[in-house]
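Coordinate analysis (summary)
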2 protein chains.
Amino acid sequence: MKQAALLAQLRDIVGAAHVLTDGDLSAYEQDWRKRVHGKALAVVRPGSTQEVAAVVKACAAAHVSIVPQGGNTGLSVGSTPDTSGEQIVLNLQRMHAVRQLDADNLTITVEAGMVLQTLQETAAQAGFLFPLSLAAEGSCTIGGNLGTNAGGTQVLRYGNTRELCLGLEVVTPQGEIWDGLSGLRKDNTGYDLRDLFIGSEGSLGIITAATMKLFPQPAAQLTAFAAVPSMEAAVRLLGLAHRHLAAGLTGFEVMGKFALSLVVKHMPQLRVPFADMADAPYCVLLENSDSESETHARARFEHLLELALEDGCVLDAVVAENMAQAHELWHIRESIPLAQAEEGLNIKHDISIQASRIPAFVAHTDALLQRAIPGVRLVNFGHLGDGNLHYNVQVPEGQDGKVFLQEKEDMVNTLVYDAVAQFGGSFSAEHGVGALKADKLVHYKSPVALQMMRAIKQALDPQGIMNPGCILQR
Amino acid sequence: MKQAALLAQLRDIVGAAHVLTDGDLSAYEQDWRKRVHGKALAVVRPGSTQEVAAVVKACAAAHVSIVPQGGNTGLSVGSTPDTSGEQIVLNLQRMHAVRQLDADNLTITVEAGMVLQTLQETAAQAGFLFPLSLAAEGSCTIGGNLGTNAGGTQVLRYGNTRELCLGLEVVTPQGEIWDGLSGLRKDNTGYDLRDLFIGSEGSLGIITAATMKLFPQPAAQLTAFAAVPSMEAAVRLLGLAHRHLAAGLTGFEVMGKFALSLVVKHMPQLRVPFADMADAPYCVLLENSDSESETHARARFEHLLELALEDGCVLDAVVAENMAQAHELWHIRESIPLAQAEEGLNIKHDISIQASRIPAFVAHTDALLQRAIPGVRLVNFGHLGDGNLHYNVQVPEGQDGKVFLQEKEDMVNTLVYDAVAQFGGSFSAEHGVGALKADKLVHYKSPVALQMMRAIKQALDPQGIMNPGCILQR
């Protein structure tokens, strides 16, 4: 009865067509990897910030909790309702307008529901680069990117989503609108509320719009693919690349031999360079963005690779001759998750370690896993430039995937995350905590930090209605 | 009596030599600009994080409030005790060790009391750049830079202090140690406590150490000085420079004609280019850092300036022939505050506006001030690349400075800050709020933001002992 009254109120606010309660709502109610299936009281799709505020006020008055949602492409179950049938999914996809593009200030203000790719394209049409780039860019929204502080492939040059944002508009858990939109690059007037909301995964309020940085488009972008003799060599190459390309270095991805072999096996149409090179346990993909010209970019890249060959940290390398070849090389890197899925079930990790400690971490953890699970297959790849590895564990050949996961997943996670902690790393580099890893947060985060986080949650959302169970356990 | 007991406890913790109660303590008790003179119960100089924690616990138990202090060079009275004689100044200058320099990870971990210039030099000796650079660098500490999120001259390329920091060690208002030191570039495990402490000016806890980013040293750095026909032209030049130098653009400072005339008048030994050019109301100083060579840097710079001359946004320009000349050009820019002081009293502002709106803001506010104060002299200069102006008001010629300030300072501040607010800017771009501008925060910040700030302060420092009256009014 109380629920019916709330639904009527919500229909009044956003219009009956935008309060979904019937039919197939699985796109909203289950997570991207289809591991968690929730049930919402309703999916509400407001069309304006005022409507979001009114929805939150109505829910707060009715003591009904809210799960904010963008493209619902997150990998940590941070935007999926629980199974109670009592939560409101507040989906922001209808709010996708460009509010302002300020060319002289190099900023763009957009609503939270804008799809990342649309934002990239809007920037490009105006002659600018919006550098955030990640696998889900065709479906994820900038609001979700902000909520999870998404990373991606250009972080080593442009930073995470956090570093790309200058200001936010937020609806608080009380249904107040905070207009923190700002195109200012310097503003030291009080506590940094912006960065508190960024990465809070909808648990402190709802991001409804944001002012993001734009960059000049590079004149040329070149891609190279290099075979390296060890992870140590890959880290040495990273140092050389920083020194010789400086801010031109916009991508530095590492791929283990087994990860590449899965691409060779399942995507035979892709030509993987150095796939047969026995002494190259890893390959590295480098991207060099140049503000001058392609000729200049190529000369700088070739100079770097010559130095690296001399040093021995590179065994062999190719530089893409044109954009089509560059796309092919990136396509190899981006195909690894799909090749993994083709091969069968696997256990994914999204970890980060200081670059300097990655070789020791990998040697240590590879050995532990080999001892614990004879025949284990490690799909190790990721954004080495940021110290971020997707250190995944593929089911051993011939074993039943479901049985393996049931028996080993917890043990593997504990082994990997314990090693990460031992090396001073993070168990969630770019995917966030969500509901999936809330237990890991309690285990691996310092008690002092946890206590401060709980105090902040309690201070801003005393009723506990914003995405309960996400980041902090209930 | 209770105070005597606390002092005895503090002497036990840090040693009697480091609890200062007698003699001339003005270096600790008055602010940098000598406008505010406080009186502390004692100045305590702990030598380790553990000592800081013990001092805080003792003060918390005695309900005595703490003013954290680094080099005490702040411009907003954020590290000066009140006049009660009941506060503890907790000075961190004895904690200045390098904890770790990680060349492969491009990070350095240092204690909060390290002087900024020492940090720059430590980085340089290891072959790296630590890019934070500002006038007080010989005395200010990195802890103070973090507490105030200091800006400086290279923000447009490297960001504010916030963007240079990867992790913090903090002593909480309860005297707990939070070890949030981290060399990770990606870590999405819960709320962003780091950025909450950065810029909180010691009002939420005490930063005791930090992990900061290092960068490769540029191969060459060139400086140019350009005369421009208007502020609009300066903004157009900024856009051109972004497009053609990209990340090479590491400095973009604007200087008004009157500001430069004060340098000519009071520092006759400095040769100011274009000082007599009648049609150039502003000059711009540009810095170009190059990862390749000086020859390359010069070619790029000359290309840019040719385009700018063609465009008309530059009337004339010189590029420094060598480092000595480059220092001379920077010295002109850096001499403006001193030349101002030589000329007499003045009212300082540290504001930011979107670059695109600065020409309109300046035209609007110049006119308002001229109307309000016939003969007013505007010393307008600053980091245009970040939208940050030091828009200062010099006492009209022939008037008594003290009388002018007494009669006009409030009116001038209100006029300028109202205009800043109207143009969507900030009344404190890089100097912070401190006690000096806490009333401005209440006036110009959104009530929703203020409410959240107060809730956070209450949540983390319920006793209210950390730097009371700084940022948030008591």
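Residues numbered from 1 in each chain as written. Chains lettered and ligands numbered in written order. Predicted model: local features only at pLDDT ≥ 70, side-chain atom pairs only at ≥ 80, totals over all residues. Heavy atoms only, no water.

**Overview of the overall build of chain A**
Here is the rule: Segments assigned H or I by DSSP are reported as helices when at least four residues long, segments assigned E as strands when at least two residues long, and all are numbered from the N terminus. Burial here depends on accessible area, computed with a 1.4 Å probe over protein chains only, as a share of the maximum for the residue type. Under 20% is buried, over 50% is exposed, and the range in between is partly exposed. Every accessible area reported is derived by Shrake-Rupley at a probe size of 1.4 Å, with residue values counting cover from the shown protein chains alone. Positive charges are assigned to Lys and Arg, negative charges to Asp and Glu, while His and the chain termini are left out of the count. In plain terms, the charge of a residue is placed at NZ if it is Lys, CZ if Arg, CG if Asp and CD if Glu.
Tallying secondary structure elements over chain A gives 16 helices and 19 strands in all. Expressed along its principal axes, the backbone C-alpha trace of chain A runs to roughly 70 × 55 × 45 Å. With 474 residues in all, chain A has 61% of them scored as buried. For chain A, the exposed area adds up to about 17,200 Å²; of that, 51% sits on carbon and sulfur atoms. Computed over 36 positive and 51 negative side-chain charges, the inter-centroid distance for chain A is 5 Å.

**Remarks on the domain arrangement of chain A**
Residue and element names in this part refer to chain A. Put simply, the test is: For the domain bounds, the source is a domain assignment made automatically or taken from a database. Any pair of residues with heavy atoms lying within 4.5 Å of one another is described as a contacting pair. Buried area: the sum, over both parts, of the accessible surface (1.4 Å probe) that disappears when the two are put together. Put simply, a salt bridge is a Lys or Arg side-chain nitrogen that is within 4 Å of an Asp or Glu carboxyl oxygen. Polar contacts here mean pairs of N or O atoms no more than 3.5 Å apart (in protein, one a potential hydrogen donor and the other a potential acceptor; neighbouring residues in sequence count only if both atoms are side-chain atoms). Here the nonpolar group is Ala, Val, Leu, Ile, Met, Phe, Trp, Tyr, Cys and Pro; Asp, Glu, Lys and Arg are the charged ones; every other residue, Gly included, is treated as polar.
Domains assigned within chain A are domain 1 (1-91), domain 2 (98-216) and domain 3 (220-423). Residue-level contacts link 15 residues of domain 1 with 17 residues of domain 2. Here domain 1 and domain 2 share an interface that buries about 1,200 Å² over both sides, 68% of which is from carbon and sulfur atoms. Among the residues of domain 1 in contact with domain 2, Thr-49, Val-56 and Pro-68 are the three that bury the most area, contributing 36% of the side total. Along the contact surface separating domain 1 from domain 2 lie 0 salt bridges. Run the count over domain 1 and domain 2 and you get 2 residue pairs in polar contact (both at pLDDT 80 or more). Sorting the residues of the side of domain 1 that touches domain 2 by element identifies α3 (49-61) and β3 (66-69) as the ones contributing at least two each. The biggest single contributor to the side of domain 1 that touches domain 2 is α3, with 7 residues. For the side of domain 1 that touches domain 2, a count of residues per class yields 8 nonpolar, 6 polar and 1 charged.

**Observations concerning the interface of chain B and chain A**
Buried accessible area, meaning the area lost when the parts come together, often serves as the stated size of an interface. Contacts between chain B and chain A engage 80 residues on the former and 80 residues on the latter. Buried surface at the junction of chain B and chain A, summed over both partners, amounts to about 6,300 Å²; 59% is from carbon and sulfur atoms. Per-residue buried area on chain B facing chain A is highest for Lys-186, Asn-188 and Tyr-191 of chain B; these three make up 17% of the total on that side. In this structure, the connection of chain B to chain A is made through 8 salt bridges. Notably, a salt bridge pairs Asp-192 of chain B with Arg-162 of chain A, separated by 2.8 Å at the nearest N-O pair. Joining chain B to chain A, the criterion identifies 39 residue pairs in polar contact (both at pLDDT 80 or more). When contributions to the side of chain B that touches chain A are tallied by element, the ones reaching two or more residues are β5 (98-102), α6 (155-158), β9 (177-180), α8 (193-197), α9 (231-245), α11 (294-311) and α16 (447-460) of chain B.

**A short note on the relation of the copies chain B and chain A**
Inclusion rule: A residue counts toward the fit only if its pLDDT is at least 70 in both copies, and the copies are then superposed by least squares on the C-alpha atoms of those residues.
With an RMSD of 0.0 Å, the operation that places chain B on chain A is a rotation of 180 degrees combined with a shift of 0.0 Å along the axis. The transformation relating the two chain copies, once decomposed into turn and shift, fits a two-fold axis. In this assembly the copies share their binding face: 100% of the residues contributing to the interface of chain B also contribute to that of chain A.

**Regarding helix α13 (residues 358-372) of chain B**
Defined as follows: To estimate how far a helix should reach, multiply one less than its number of residues by 1.5 Å.
Over its 15 residues, α13 of chain B runs 21 Å from end to end, which matches the ideal 21 Å to within 8%, given 1.5 Å per residue. For α13 of chain B, the elements touching its buried residues are α9, β14 (282-290), β17 (351-352), β18 (377-383), β19 (388-394) and α14 (401-422) of chain B.

**Things to note about the sheet that holds β5 of chain B**
All names here are of chain B. Defined as follows: What makes two strands pair is DSSP finding at least two bridges between them. Where helices are involved, their axes are fitted lines through C-alpha atoms of the stretch in contact, as for all axes, and angles between N-to-C directions lie from 0 to 180°.
Pairing is antiparallel in the open sheet, where 5 strands are placed in the order β5-β6-β10-β8-β9. A strand with exactly one partner marks an edge of an open sheet, and here the two such strands are β5 and β9. Strand-to-strand twist of the sheet, defined as the mean angle between neighbouring strand axes without regard to direction, takes the value 10 degrees. Contacts from helix α3 (residues 49-61) reach β5, β8 (165-171), β9 and β10 (206-213) within the one sheet, and its direction differs from that of β8 by about 45 degrees.

**A short note on the packing of helix α13 (residues 358-372) of chain A against helix α14 (residues 401-422) of chain A**
Residue and element names in this part refer to chain A. The following threshold applies: Each angle gets one of four labels, with under 35 degrees taken as roughly parallel, over 145 as roughly antiparallel, 65 to 115 as roughly perpendicular, and the rest as oblique. Note on convention: near helix rotated counterclockwise from far helix by under a right angle means a left-handed crossing. Clockwise means right-handed.
Remark: α13 packs on α14, axes separated minimally by 10 Å, with the N-to-C direction vectors making an angle of 155 degrees. As the angle between them shows, α13 and α14 are arranged roughly antiparallel. Judged by the twist between their axes, the crossing of α13 over α14 is right-handed. Packed against α13, whose contacting residues are Phe-361, His-364, Thr-365, Leu-368, Leu-369 and Ala-372, the element α14 presents Met-411, Val-412, Leu-415, Val-416, Ala-419, Val-420 and Gln-422 at the interface. In terms of residue class, the contact of α13 with α14 is made up of 10 nonpolar, 3 polar and no charged.

**Digging into the nonpolar core**
Heads up, the condition is: To qualify as a nonpolar core, a set must consist of buried Ala, Val, Leu, Ile, Met, Phe, Trp, Tyr and Cys residues joined through side-chain atoms within 4.5 Å.
If you look at the biggest cluster of nonpolar residues, it comprises 202 residues, and the most contacted ones within it are Phe-130, Leu-168 and Leu-286 of chain A together with Phe-130, Leu-168 and Leu-286 of chain B. Apart from residues lying up to four places away in sequence, Leu-168 of chain A is in contact with Leu-146, Trp-178, Asp-179, Gly-180, Leu-181, Arg-194, Phe-197, Ile-198, Ile-207, Ala-209 and Ala-210 of chain A.

**Quick word on the packing of aromatic side chains**
Residue and element names in this part refer to chain A. Keep this limit in mind: Two rings from Phe, Tyr or Trp (for Trp, the six-membered ring) form a pair when their centres sit within 6.5 Å of each other. Planes less than 30 degrees apart are called stacked, planes more than 60 degrees apart edge-to-face, and all others tilted.
Summed over the entire model, instances satisfying the criterion amount to 16 aromatic pairs over all chains. Aromatic pair Tyr-417 and Tyr-444: ring centres 6.1 Å apart, planes at 70 degrees, arrangement edge-to-face. Remark: Tyr-444 occurs in helix α15 (residues 438-444) and Tyr-417 occurs in helix α14; sequence separation between them is 27 residues. Here the aromatic cluster, defined as three or more aromatic residues joined through ring pairs, consists of Phe-361, Tyr-391 and Phe-423.

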